[in-house]
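An overview of the molecular structure
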Amino acid sequence: MLSALLHYKRFFFLLFTLFSFTLFFSNSFSQNYPFVKEYGGHTLPTPLHQFEFDVTGVAVDAGGFVYVSDGSPCITKFNSAGTFIKRWAGDFVNSIGTLNTPERIALDPSGNLFVVSRGDHRVVKYTNNGAVLLEWGGLGTADGKFNNPYGVAVDAAGNVYVTDGNNNRIQKFDNNGNF
């Protein structure tokens, strides 16, 4: 008899818990948020303001400009209204600042853009208009080298943090790429 009573208490406790979670989460996630704006899209042939691949990174500067990486070797810039401004990919003639599978993007306090170029294991720093300022990295396990970098973040002091995927670490650099 006592065993059956404990069984029913557990059953009703679990039922109450499940009901409570369902009620909480359905109220928490059922809020309506208005759609505001869409940037890009995917059409063929791909115009400059569209994206060629999966969008992998986005950053917004203090002026409201939106910077997007989509896995193509380019960064696309829009204004806050969603109007295409420009697209850049570094200097192909000198191979400076070119991108190979760009992933995440971050902005420093001065508005410079840091892009993880996963395919060639580098970080590239650009001005907000696409001029290459510097790049660092390369394949390896030593300090300042990467093996499949994926994410980037910049703190208020301008320090740059890069997730180094296959090396299972995060590396911290100053704003000029020094380890």
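Look up: the structure comes first, before these words.
Report on the accompanying structure. (Residues numbered from 1 in each chain as written. Predicted model: local features only at pLDDT ≥ 70, side-chain atom pairs only at ≥ 80, totals over all residues. Heavy atoms only, no water.)

So, about the sheet that holds strand β5 (residues 102-107). In spatial order, the strands read β5-β6-β7-β8; together these 4 strands make up an open sheet with antiparallel pairing. If you trace the sheet from one side to the other, it starts and ends with β5 and β8 (132-137), each paired once. Strand-to-strand twist in this sheet, taken as the mean axis angle between neighbours without regard to direction, amounts to 20 degrees. For strand β6 (residues 113-117) and strand β7 (residues 122-126), the ladder comprises 5 bridges, and the chain directions are antiparallel. Bridge assignment links S117 to a residue of β7, and that residue is R122. (Pairing = 2+ DSSP bridges. Helix = DSSP H or I, 4+ residues; strand = E, 2+ residues; numbered from the N terminus. Axes fitted to C-alpha atoms, helices over the stretch in contact; angles between N-to-C directions.)

What follows covers the sheet that holds strand β9 (residues 149-154). Within a sheet, each strand pairs with its neighbour through backbone hydrogen bonds, oriented either parallel or antiparallel. Strand order in the open sheet formed by 3 strands is β9-β10-β11, and the pairing between neighbours is antiparallel. Among the strands making up the open sheet, the edge pair consists of β9 and β11 (169-173). Within the sheet, the average angular offset between the axes of one strand and its neighbour, ignoring direction, is 20 degrees. The pairing of strand β10 (residues 160-164) with β11 spans 5 bridges and is antiparallel. Looking at the pairing, T163 lines up with I170 of β11.

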